[in-house]
Amino acid sequence: MTVNTTVLGAIARRLAAALAVMLGAATIAFGALQLVPGDPVQILLGQNNTASPAVRAQIAARFGLNESVPLQYLRYLDHLLHGDLGQSYQLQQPVSGLISSQLWPTVQLMIGAMVVAVVLAVFSALLTAGRWPVLRAVSSVGELIAVSSPSYWVGIILLTVFSFQFHVFPVAGDQNFASLVLPAITLGLPVAGLLAQVLREGLETALGQPFVLTARARGVGQNGVRLKHAFRHAAIPLVTLTGWLTGTLLGGAVLVENIFGRPGIGALTLEAVTNKDMPVVIALVLLSAFFFVLISTVVDLLYLIIDPRLRTG
Amino acid sequence: MPLSRPVRLITAALALATLTLAGCASGTTGTTAEAAKPVAGGSLTYAVNTEPTCFDAHISPQDITGEIDRNVVDSLVSEDSSGIFHPWLATSWTVAPNLESYTFQLRKGVTFTDGTPFNAAAVKANFDSIVAPATQSQYASSLLGPYTGTTVINNYEVKVSFSSPFAPFLQAASTAYLGFYSPKALAAHSDNLCAGGASSVGTGPFVFSSYTKGQSAVFTKNPNYDWGPANATHTGPAYLSQLTFRFLPDSATRVGSLSSGQAQVIRSVPAAQVKSLQETSGVTVQELEQPGGAYNLWLNTTVAPLNDQKVREALQRGINISADVNAVYFGVYQRAWSPLTPSTQGYDASLANTWSYDPTLSNQLLDEAGWTGRNAQGYRTKDGKVLSIEWPLLPAEYITDQRDVLGQAIQADLRKIGVEITRPQYDIGTYLQRAYAGKEGILDSSWSRDEPDVLWLFYNSASISAGGQNATFYKDPTLDALTDAGRATLNKTTRDQDYDQVQQDVINLATTIPIYNPVTIVGSQNSVHGLTYDPNDWALFYGVWLAR
């Protein structure tokens with residue numbers, strides 16, 4: 001009974017904190033967009049536009065842009081509480097529909113990129129930590145290059161080789177698994193480099209610990225020591241970093257989706273920010289805030305699984 | 001069929017060759033690839049650089065919307081590249097002598113792809129919907145000018161009326177922006193025609209089947225289509241079974257998708273990649289000069305020091321335009337001599353070479369204007385003020401064609417004659433605010449439309465007000481009279497004279513510095529045949545077929 005109430009309380013606290021984070025994010029985004037100078041109707045219409053003053057007034061009235069800023073804010077919050085994300089100024093479609101249609105391709109891309117990153121990092125670090133100096137040096141340099149290459153460049157190189165030259169993968173779009181491969185590698189490579197460096201560092205520290213010696217004394221083989229003992233130790237910083245990096249992938253997706261002509265949240269974000277499409281921008285900010293809350297919850301849960309000491313609290 | 005200019009020349013040359021051969025009675029019939037028999041079927045992917053924010057041509061002012069919707073909607077008339085109008089959904093028309101009304105006889109037996117018949121009521125429903133304030137049309141309503149209403153005379157006859165003489169109407173009526181959606185779709189989907197997809201119902205050669213935002217728009221053949229424009233090369237349905245517009249904003253990806261065969265046609269090939277693409281086997285590159293306004297610098301005549309004509313002339317003659325344009329665009333773009341491009345109806349060819357680069361004259365003019373002092377950086381001064389002019393940069397995402405790089409070359413030229421050009425980069429809101437308020441010295445833009453009436457937008461004083469495009473802010477009764485008169489007549493000789501005068505006047509007044517003629521560069525695979533362009537240089541897919 002008491003266990004249940006504790007768990008429920010914890011969940012309630014988490015939810016309340018998540019709501020507070022998201023409200024804060026929405027408010028900051030709204031405020032930041034108010035600071036952007038210029039007439040929103042003019043920005044919406046763009047440079048080469050012959051819309052008459054009557055049309056301009058009509059547009060302002062339709063989106064409530066002729067009202068005072070506090071009123072606009074309250075109206076916005078009111079709509080938000082009713083689950084209404086509003087209507088895109090630029091695309092003239094409901095924001096919720098836009099986001100839901102663009103979310104899945106980006107989620108696929110992010111999952112793909114994280115799988116690429118984690119698999120490559122774990123493989124490279126486990127293989128080379130604390131042994132084979134030449135191979136270790138080579139993979140370490142490779143990781144540094146992966147971290148420091150702009151994804152734009154990596155994407156073009158991959159496209160040129162695997163799509164334009166050898167026709168292994170399609171150039172662009174979101175049709176099937178094959179079209180996901182190159183974008184996922186492009187987005188995942190720099191992350192893999194970073195994760196591998198951190199994991200190798202952690203593994204090497206762990207391998208120098210007394211418990212490794214104890215394990216060896218018990219007759220555990222080289223691979224057993226690495227996988228069962230050192231890896232579990234080094235995994236905590238890996239998970240923390242992976243969680244944080246997953247969040248930043250949303251930003252990286254902007255570039256990758258652009259190069260590969262993929263639909264997704266990144267492309268939508270770029271378009272919305274460029275056009276000061278307020279309802280879309282705020283909804284996207286809310287979405288990423290939600291994303292971060294979700295990931296940090298998952299990371300916290302993973303800690304409990306990895307490190308038994310944290311479970312007894 | 002509105003062929004593009006280069007294609008037209010080649011076709012003319014071929015026709016001549018054929019005639020000569022026929023004269024020799026050699027019996028040779030043209031069996032070039034172009035003359036081969038078209039085959040129906042196949043699917044074509046056309047990779048473009050921009051994606052419409054709204055697919056409703058009645059609302060959106062975007063070029064890409066017009067180009068895409070051209071496949072779905074038909075117009076009353078069709079304009080060819082020499083500015084002649086041909087029957088399309090209208091079989092004939094008469095223009096009232098005062099140019100205040102146009103009466104169209106409509107084609108019979110035309111149906112929208114939802115089964116609704118196309119008739120006089122459909123024309124009225126479309127035009128009335130465009131001007132309705134609730135539609136919030138950003139471009140099409142301005143194409144209707146002083147529209148007062150459409151009268152249904154009988155089922156297949158309509159009269160479109162205006163409150164003042166409106167000569168540009170036939171050209172406007174030929175564009176996709178005044179194309180026809182099914183009245184049923186207009187009524188049922190007035191809110192989401194912007195969203196594209198199956199709700200966009202027209203009478204066109206293709207049906208809008210699906211749209212994936214951020215990726216592609218897919219069209220399938222309209223099998224019942226039998227009402228193509230009278231100047232098309234064939235009748236009946238389109239040849240292609242499927243047409244896909246693929247949105248690839250990155251130019252390297254676009255070029256790669258063409259050379260690897262994943263797209264059959266691409267547009268907006270960067271000037272720098274034209275040469276390498278020309279050397280790729282199996283690929284053809286076409287350079288199409290855009291009609292309309294050239295890429296012009298507009299000098300604001302209401303702010304110092306540009307309110308002094310001598311200073312404006314000094315700027316106009318002090319930029320080495322030919323060298324700059326050649327350096328930045330590798331000889332693919334040509335320098336401009338008039339605010340209109342040579343492919344625009346009414347272009348005044350006599351302006352060529354009349355105001356060449358002459359830094360000596362520029363220096364002399366600036367001396368005469370009293371800018372004789374020099375400051376530490378070598379810029380001219382007068383009464384302690386530096387000869388400095390602000391020409392703001394658009395935010396990076398709005399800059400096309402490397403115009404920022406070209407701007408640096410212009411800046412460097414003017415520095416040589418002692419003029420300082422500052423180029424602050426504002427956010428788009430501030431930029432537009434300052435531009436429309438007339439606070440900037442120089443602004444730059446190009447404007448694509450095959451109709452000299454764009455000169456009205458550029459120079460009529462009525463176009464200075466909010467939302468107007470007259471960035472010279474120059475009020476001149478002569479220019480007003482000429483640009484108004486051009487709108488009020490269909491007499492080609494009178495129009496040409498009026499518009500020639502406008503072009504010469506603005507060069508003489510030095511309110512405008514034309515820089516280059518924008519070019520649309522299209523790359524296509526050699527298996528693509530019958531690709532033509534409308535007067536705006538937008539690809540037309542009705543007559544396209546793929547060789548097997």
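Cut-offs used in this document
Residues numbered from 1 in each chain as written. Chains lettered and ligands numbered in written order. Predicted model: local features only at pLDDT ≥ 70, side-chain atom pairs only at ≥ 80, totals over all residues. Helix = DSSP H or I, 4+ residues; strand = E, 2+ residues; numbered from the N terminus. Rg over C-alpha atoms; globule rule 2.2 N^0.38 Å. Contact = placed C-beta atoms within 7 Å. Buried ≥ 20, exposed ≤ 12 C-beta atoms within 10 Å, placed from the backbone. Pairing = 2+ DSSP bridges. Axes fitted to C-alpha atoms, helices over the stretch in contact; angles between N-to-C directions. Domains from an automatic or database assignment. Nonpolar A, V, L, I, M, F, W, Y, C, P; charged D, E, K, R; others polar. Parallel < 35°, antiparallel > 145°, perpendicular 65-115°, else oblique. Left-handed = near helix turned anticlockwise from the far one by under 90°. Arc of directions from axis to C-beta. Expected span 1.5 Å × (residues − 1). pLDDT = per-residue confidence, 0-100.

Here we take up the overall build of chain B. Helix and strand counts for chain B come out as 16 helices and 26 strands. Taking 548 residues into account, the globule formula puts the C-alpha radius of gyration at 24 Å, and chain B, at 25 Å, falls close to it. A fraction of 69% describes how many contacts in chain B between residues 6 or more apart in sequence connect residues 24 or more apart.

Below, the discussion takes up the overall build of chain A. Check the secondary structure of chain A and you find twelve helices and zero strands. When the helices and strands of chain A are listed from N to C terminus, the series reads α-α-α-α-α-α-α-α-α-α-α-α. Dimensions of chain A along its principal axes, counting C-alpha atoms only, are 85 × 65 × 30 Å. With 313 residues in all, chain A has 35% of them scored as buried. Sequence-distant contacts in chain A: of pairs separated by 6 or more residues, those separated by 24 or more amount to 74%.

Residue and element names in this part refer to chain B. The strand order 8-9-10-1-11-22-12 describes an open sheet built from seven strands, whose pairing is mixed. The sheet terminates laterally at strand 8 (206-212) and strand 12 (283-289), the two strands that pair on one side only. Taken pair by pair, the neighbouring strands of this sheet meet at an average axis angle of 20°, ignoring direction. Note: strand 1 (residues 43-48) against strand 11 (residues 265-267), two bridges, orientation parallel. By the bridge assignment, alanine 47 is partnered in strand 11 with isoleucine 266.

Before going further, it helps to spend a moment on the domain arrangement of chain A. Domain annotation for chain A reports domain 1 (40-84) and domain 2 (95-312). The C-alpha-based centres of domain 1 of chain A and domain 2 of chain A are spaced at 39 Å.

In this complex, chain B contributes 42 residues to the contact, which on the side of chain A involves 45 residues. Secondary-structure elements contributing two or more residues to the side of chain B that touches chain A are strand 10 (242-247), helix 7 (251-259), helix 13 (428-436) and strand 20 (442-448) of chain B. Considered class by class, the residues forming the side of chain B that touches chain A number 15 nonpolar, 22 polar and five charged.

All names here are of chain B. One open sheet accounts for three strands, arranged 15-16-17; its pairing is antiparallel. The sheet terminates laterally at strand 15 (373-374) and strand 17 (385-386), the two strands that pair on one side only. Here two bridges tie strand 15 to strand 16 (residues 380-382), and the two strands are oriented antiparallel to one another. Across the sheet, residue glycine 373 finds its bridge partner in strand 16, namely threonine 381.

Right, let's talk about the environment of glutamine 503 of chain B for a bit. Residues and elements named next belong to chain B. Mapped onto the secondary structure, glutamine 503 falls in helix 16 (residues 492-508). Take glutamine 503: there are 26 C-beta atoms within 10 Å of it, and that puts it in the buried class. With 48 residues separating them along the chain, glutamine 503 and leucine 455 place their C-alpha atoms 8.3 Å apart. The contacts of glutamine 503, once residues within four sequence positions are left out, are Ser338, Pro339, Leu340, Asp348 and Leu351.

This part covers the pairing of strand 13 (residues 292-299) of chain B. All names here are of chain B. Among the eight residues that make up strand 13, eight are buried, leaving the element largely enclosed by the rest of the structure. Looking at chain direction, strand 13 and strand 20 are connected through six bridges and run antiparallel. Bridging from a neighbouring strand, asparagine 296 pairs with serine 445 of strand 20.

All right, on to the packing of helix 11 (residues 265-274) of chain A against helix 12 (residues 278-306) of chain A then. All names here are of chain A. Between helix 11 and helix 12, the least distance of the axes is 8 Å, while the angle of their chain directions is 135°. Taken together, helix 11 and helix 12 sit at an angle that is classed as oblique. Helix 11 and helix 12 meet at a crossing whose hand is left-handed. Counting all contacts with helix 11, which are made through Ile265, Leu268, Thr269, Ala272 and Val273, the residues of helix 12 involved are Val280, Val281 and Leu284. Tallied by class, residues from the contact of helix 11 with helix 12 come to seven nonpolar, one polar and no charged.

To continue, consider helix 13 of chain B. Residue and element names in this part refer to chain B. Regarding helix 13, the residues found buried are Ile428, Tyr431, Leu432, Ala435 and Tyr436. One side of helix 13 holds all its buried residues, which, seen down the axis, span an arc of 110°. One or two steps after helix 13, the chain reaches glycine 438, where phi turns positive at roughly 70°.

Okay, helix 12 of chain A next. Compared with the 42 Å implied by 1.5 Å per residue over 29 residues, the 42 Å span of helix 12 of chain A between its first and last C-alpha is a close match. Of all the residues in helix 12 of chain A, the buried ones are Met278, Pro279, Val280, Val281, Ile282, Ala283, Leu284, Val285 and Leu286 of chain A.

All names here are of chain B. Omega for the bond connecting alanine 304 with proline 305 falls within 30 degrees of zero, at 0°, which places this linkage in the cis form. Unlike most non-glycine residues, asparagine 353 shows phi in positive territory, near 65°. In this structure, asparagine 353 sits in the loop between strand 14 (334-335) and helix 11 (359-368). Of note in this structure, glutamine 402 is not a glycine but carries a positive phi near 55°. Take glutamine 402: it is sitting in the loop between strand 18 (388-390) and helix 12 (403-416).

A few words on the confidence of the model for chain B. Residues and elements named next belong to chain B. Per-residue confidence for chain B averages 88 on the pLDDT scale, and 93% of its residues sit at or above 70. For residues 1-34, every residue scores under 50 in pLDDT, and the model assigns this stretch 34 contacts once sequence neighbours within four places are set aside. Model confidence for the complex is summarised by a pTM of 0.81, with the ipTM given as 0.75.

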